[in-house]
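# Summary of the model geometry
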Amino acid sequence: EDKVVQSPLSLVVHEGDTVTLNCSYEVTNFRSLLWYKQEKKAPTFLFMLTSSGIEKKSGRLSSILDKKELSSILNITATQTGDSAIYLCAVTGGSNYKLTFGKGTLLTVNP
Amino acid sequence: GAVVSQHPSRVICKSGTSVKIECRSLDFQATTMFWYRQFPKKSLMLMATSNEGSKATYEQGVEKDKFLINHASLTLSTLTVTSAHPEDSSFYICSARGDIAQYFGPGTRLTVL
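Every chain's residues receive numbers from 1 upward, in the order its sequence appears when written. Ligands are numbered from 1 and chains lettered from A, in the order in which they are written. With the structure being a predicted model, the display of local features is reserved for residues of pLDDT at least 70 and the display and counting of side-chain atom pairs for 80 or more, all residues being used for whole-chain, interface and lining totals. Side-chain measures were taken over the full set of non-hydrogen atoms in the model, leaving aside hydrogen atoms and water.

### Some details on the overall build of chain A
The secondary structure listing takes helices from DSSP runs of H or I that are at least 4 residues long and strands from runs of E that are at least 2 residues long, numbered from the N terminus. From N to C terminus, chain A includes 0 helices and 11 strands. The linear arrangement of helices and strands in chain A, starting from the amino end, is β-β-β-β-β-β-β-β-β-β-β. On the principal axes, the C-alpha backbone points of chain A span a range of 45 × 25 × 20 Å. Remark: exposure states derive from per-residue accessible area (1.4 Å probe, protein chains only) relative to the maximum for the residue type, with buried under 20%, exposed over 50%, and partly exposed in between. Here chain A holds 111 residues, and the buried ones make up 44% of them. The contact rule is simple, with two residues in contact once any of their heavy atoms fall within 4.5 Å. Within chain A, contacts between residues separated by at least 24 positions form 57% of all contacts whose residues are at least 6 apart in sequence. By element, 50% of the accessible surface of chain A is carried by carbon and sulfur atoms, the whole surface being about 5,700 Å². In this charge count, Lys and Arg are treated as positive and Asp and Glu as negative; neither His nor the chain ends contribute. Charge placement uses NZ in Lys and CZ in Arg. For Asp and Glu, CG and CD serve respectively. Side chains of chain A give 12 positive and 10 negative charges; the mean places of these two sets differ by 6 Å. Surface accessibility in these figures is a Shrake-Rupley result with a 1.4 Å probe; residues are shielded only by whichever protein chains are displayed.

### Some details on the interface of chain B and chain A
Tallying the contact residues gives 19 residues for chain B and 15 residues for chain A. Basic side-chain nitrogens of Lys or Arg form a salt bridge, by our definition, when they fall within 4 Å of a carboxyl oxygen of Asp or Glu. Counting across the chain B and chain A interface gives 1 salt bridge. In this structure, the salt-bridge partner of K98 of chain A is E59 of chain B, at a minimum N-O distance of 3.1 Å. Definition of a polar contact: a pair of N or O atoms within 3.5 Å, with one able to donate and the other able to accept a hydrogen when the atoms are protein atoms, and with sequence-neighbouring residues admitted only if both atoms are side-chain atoms. Seen at the junction of chain B and chain A, the total is 4 residue pairs in polar contact (both at pLDDT 80 or more). Going through the elements one at a time, β4 (32-38), β5 (44-51), β9 (90-97) and β10 (102-104) of chain B are the ones with two or more residues in the side of chain B that touches chain A. Gly is put with the polar residues, along with every residue not named as nonpolar or charged; the nonpolar set is Ala, Val, Leu, Ile, Met, Phe, Trp, Tyr, Cys and Pro, and the charged set is Asp, Glu, Lys and Arg. Across the side of chain B that touches chain A, the residue classes break down as 11 nonpolar, 6 polar and 2 charged.

### Digging into the sheet that holds strand β7 (residues 67-73) of chain B
Residues and elements named next belong to chain B. For two strands to be treated as a pair, DSSP must find no fewer than two bridges joining them. Read across the sheet, 4 strands follow the order β1-β3-β8-β7 without closing on themselves; strand pairing throughout is antiparallel. Two strands close off the open sheet at either side, each with one partner strand: β1 (4-7) and β7. Between one strand and the next, the sheet's axes are offset by a mean angle of 15°, whatever the strand orientation. For helices, the fitted axis covers only the stretch in contact; all axes are lines through C-alpha atoms, and the angles between them, taken along N-to-C directions, range from 0 to 180 degrees.

### Describing the nonpolar core
Core analysis: the largest hydrophobic core is formed by 41 residues, its most contacted members being Y36, L99 and F101 of chain A together with Y36, F104 and L110 of chain B. Take this core: its biggest share by element is 5 residues, from β9 of chain B. Among the nonpolar cores identified, the runner-up in size contains 22 residues, and V13, F30, L33 and L107 of chain A belong to it. We define a nonpolar core as any set of buried Ala, Val, Leu, Ile, Met, Phe, Trp, Tyr and Cys residues linked to one another through side-chain atoms lying within 4.5 Å.

### A short note on the layout of surface pockets
Buriedness of a pocket was judged along seven lines, with at least five required to meet protein on both sides within 12 Å; pockets are open sets of points on a 1 Å grid over the protein atoms alone, cavities are sets where a 1.4 Å probe fits but cannot get out, and lining residues have an atom within 4 Å of a point. Grid points are joined across faces, edges and corners, and a volume is the space filled by probe spheres set on the points. Here the largest pocket is characterised by a volume of approximately 1,300 Å³. For the largest pocket, the lining is made up of 47 residues, of which G102 of chain A together with K42, S43, L44 and M45 of chain B are closest to its centre. Listing elements by their share of the lining of the largest pocket, those giving two or more residues are β1 (3-7), β9 (85-93), β10 (100-101) and β11 (105-110) of chain A together with β4 and β5 of chain B. Grouping the constituent residues of the lining of the largest pocket by class yields 17 nonpolar, 13 polar and 17 charged. Volume-wise, the second largest pocket comes out at about 190 Å³. If you trace the second largest pocket, you find 14 residues lining it, with S32, M48 and Y97 of chain A together with I100 and A101 of chain B closest to the centre. When residues of the lining of the second largest pocket are assigned to their parent elements, the largest contribution, 3 residues, is made by strand β4 (residues 30-38) of chain A. A per-class count over the lining of the second largest pocket returns 6 nonpolar, 5 polar and 3 charged.

### Observations concerning the packing of aromatic side chains
Between the rings of Phe, Tyr and Trp (Trp by its six-membered ring), a pair exists once the centres lie within 6.5 Å; its type follows the angle of the planes, with under 30 degrees stacked, over 60 edge-to-face, and the other angles tilted. According to the stated counting rule, one finds 10 aromatic pairs over all chains in the structure shown. Each ring, one from Y36 of chain A and one from F45 of chain A, has its centre 5.9 Å from the other, and the planes form 65°; the classification is edge-to-face. The buried category is assigned to Y36 of chain A, whose relative accessible area is 0%. Each member of the aromatic cluster is reached from another via a ring pair, and the members are Y36, F45 and F101 of chain A together with F28, Y36, Y103 and F104 of chain B.

### Examining the environment of G104 of chain A
Residues and elements named next belong to chain A. Among the structural elements, G104 can be located in the loop between β10 and β11. For the pair formed by G104 and Q6, sequence separation is 98 residues and the distance between their alpha carbons is 6.0 Å. Leave out the neighbours within four places in its chain, and G104 touches Q6, P8, L9, I86, Y87 and L88.

Here is the structure:
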């Protein structure tokens, strides 16, 4: 059974801090790892990482996939209160496109 | 691009009634859509995979006769919660598989009285 573990489960920082969120996975025939941000409603897509694209960056957010360690990190620099959300990591594997989600990291950025 | 809509955004119904939730991919075609359920402070739980033109594939423990899924076109999937009970109250979210990733709808908050 595919498994995704995220850490920490929750994190409280001050505006301007840099945070690193972790995700480790066990999946049969790994296909991709995805990061989503969930605020009050449904998740919004951030990044997808695959064997051919192990590093992604968008503004203050960046993510790296370590296929050897079966893990990924999501970095957020110069955090803002608007970054407060649950960050979800998910993986796909095998021939289907089902996402297996971790439990998420609740990030709170205080002013 | 890659916008997914859901309707309604919230619904309150009486116990025993049926509720239909629509999921549409607005600017892309999706042969595969997914239905999730999320309880407060919990992660998303996949209920079923909806394939256009064929029967849905349900996850273990999800009653297919209770949660009817129809994927009649490349842009529309519907989830019908039949004979709803208070324990069916939850946040239901759909996603559509696009060219890069799964894109999620805004979710539907179902409350069964």
